[in-house]
Amino acid sequence: MNDQLEETRDLLQELSDPLYKYISQISPTGLEWIFHLIIKLLLLTAVFLIIDFIFKIFINSIFRIFHDQEKYPVIKSIYQSKVTNSLAHLFALLIIGSIHESIFAGALKNTTIFIRRSVNLGVVMIFAGMLYRALTAFRNYFIIKQDFYKIMALNAISETVKILGIFIFSVVGICVVFGIKGTTIVGSLGAITAVLVLVFRDTILGFVTGLHVATSKNLKVGDWVSIPKYTIEGNISDISLLTTKIVNFDKTVSTIPTYDLLTTEIKNLQVMSESNTRRIKKSIYFNINSFKFLTEEDIGRLMDINLISEYLEGKSFELKKEKENLKHSDKIINGRQLTNIGVFRYYAQRYLENEPDVDQKGAMMVRQLDITPQGLPLEIYCFANDSKWEHFEQIQADIFDHLLVASKEFDLQVMQMSVKV
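Report follows, based on the coordinates. (Residues numbered from 1 in each chain as written. Predicted model: local features only at pLDDT ≥ 70, side-chain atom pairs only at ≥ 80, totals over all residues. Heavy atoms only, no water.)

1. Regarding the pattern of salt bridges
- Applying the stated criterion across every chain, the model contains 9 salt bridges.
- With a shortest N-O distance of 2.9 Å, lysine 292 and aspartate 411 are connected by a salt bridge. One end of the pair, lysine 292, is in the loop between strand E6 (278-286) and helix H12 (296-302); the other, aspartate 411, is in the segment after helix H15 (389-406), with 119 residues separating them in the sequence.
- Linking glutamate 318 and arginine 336 is a salt bridge whose minimum nitrogen-to-oxygen distance equals 2.6 Å. Taken together, the positions of glutamate 318 in helix H13 (residues 306-323) and arginine 336 in the loop between H13 and helix H14 (340-353) put the pair 18 residues apart, joining distant regions of the chain.
- It is possible to trace a salt-bridge network through shared partners that takes in Lys292, Asp298, Arg301 and Asp411. (Salt bridge = Lys/Arg side-chain N within 4 Å of Asp/Glu carboxyl O. Helix = DSSP H or I, 4+ residues; strand = E, 2+ residues; numbered from the N terminus.)

2. Quick notes on H13
- For H13, built from 18 residues, the straight-helix expectation of 26 Å at 1.5 Å per residue is met to within 8% by its first-to-last C-alpha distance of 26 Å.
- Within H13 the residues assigned to the buried category are Ile308, Ser309, Leu312, Ser316, Leu319 and Lys323. (Expected span 1.5 Å × (residues − 1). Buried < 20%, exposed > 50% of the residue type's maximum accessible area, 1.4 Å probe, protein only.)

3. Points about unusual backbone geometry
- In the Ramachandran plot, threonine 231 falls in the positive-phi region, its phi being about 50 degrees despite a non-glycine side chain.
- For threonine 231, the location among the structural elements is in the loop between strand E1 (224-227) and strand E2 (232-239).
- The phi dihedral of lysine 251 is positive, around 75 degrees, even though this residue is not glycine.
- Residue classification places lysine 251 among the exposed residues on the basis of a relative accessible area of 72%.

4. Notes on H14
- The terminal C-alpha atoms of H14, which comprises 14 residues, lie 20 Å apart, in line with the 20 Å expected from a rise of 1.5 Å per residue.
- Burial runs high along H14: 10 of the 14 residues are buried.
- Within the span of H14, buried status applies to Asn340, Ile341, Gly342, Val343, Phe344, Tyr347, Ala348, Gln349, Tyr351 and Leu352.
- On its buried face, H14 sits against E6, H13, strand E7 (365-368), strand E8 (376-384) and H15. (Contact = heavy atoms within 4.5 Å.)

5. Observations regarding the pairing of E1
- Alternating residues of E1 divide into Trp224 and Ser226 and Val225 and Ile227, and every residue in both groups is buried.
- Sheet topology note: the E1/E2 ladder contains 4 bridges and is antiparallel. Across the sheet, the residue bridging to valine 225 is glycine 234, located in E2.
- Counting the residues that bridge the hairpin from E1 to E2 gives 4 residues, and of these threonine 231 lies at a positive phi of roughly 50 degrees.
- Pairing of E1 with strand E5 (residues 267-268), which is carried by 2 bridges, proceeds in the antiparallel orientation. Of the residues in E5, the one forming a bridge with valine 225 is asparagine 268. (Pairing = 2+ DSSP bridges.)

Encoded structure:
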């Protein structure tokens, strides 16, 4: 390799000497160095492009052999992110750095420092590009592996690395171009550390949030979430370092700070969507003045309701047997009695148990809540077996349509505001 570089230097020197003499003859007096510098840069650029082209063909052809992403996901990820192109650029630039002094050798020593610093700056830029492409390669790898939580963590990390990388590579680039020692610039950073922390506050919080979300696996892109603080409900479309986008069900897009994912209450409804069930939790308010004990006539009338006929028959026999030994058994208040609200509560429970649109494996209950000035709330708690919004609302509405009308059969009065005309 060294022998080939020596031969290349000798060849360039033999070709550049006549060119140097010719340019010196045609250049205006006093401006020869400008023309020499331009020609030298053009020659180096041409050599760089040729070598870079050859290296890209060679390296990419090797990586294309391992095109199967199932067998070689790492190699495929590197190839897709074009890290191979950065390697070709680096090799070509290193060769340019070793041969540039052979062009117009000894004639333009003042340009050597400029060219050397330009080459060093190019190496810094190539390393920066290689770092960013490597982050893309990691992302491609996790996409192939379908690991969305790690993709989200990598998004936070990559955004932070890019911002810090711009700062670090800018400092290194300035040091290379102007020949400044890095310790001089780094030493001065202590005075502005507080300012940097203040400026990058959201960036740091976003980075921490991204890591937390990825490691806890509570959220990912595509999840159906609800954020009460902002009255937002929709699907997460993107989680970046600073902002998170949520597509609402009304087709609008909401953007919130990413660090809010760590500090704000967020309901992840994706599990409900994946299980294809959705909770129904809603109450009917009844007028307490409409509650009463059921007489034998009432029970006989309600016996025709299929869902509770066996229940009423069994309860009636049980209560009659208990009253046989009671004093004043003719008084309805003595002993245990059936009430219209209690029987209706049992009817509602049986109705849910026989409703095909209700998930029979999930929690299911009909319960009384604390009495309010509006009446007694009878809460229906169950799960619909379809989580799609429009279907869920239809199922819920059908259940309450039936129960609201059925309550009339039990002489129950549903509370509502009376309007005086």
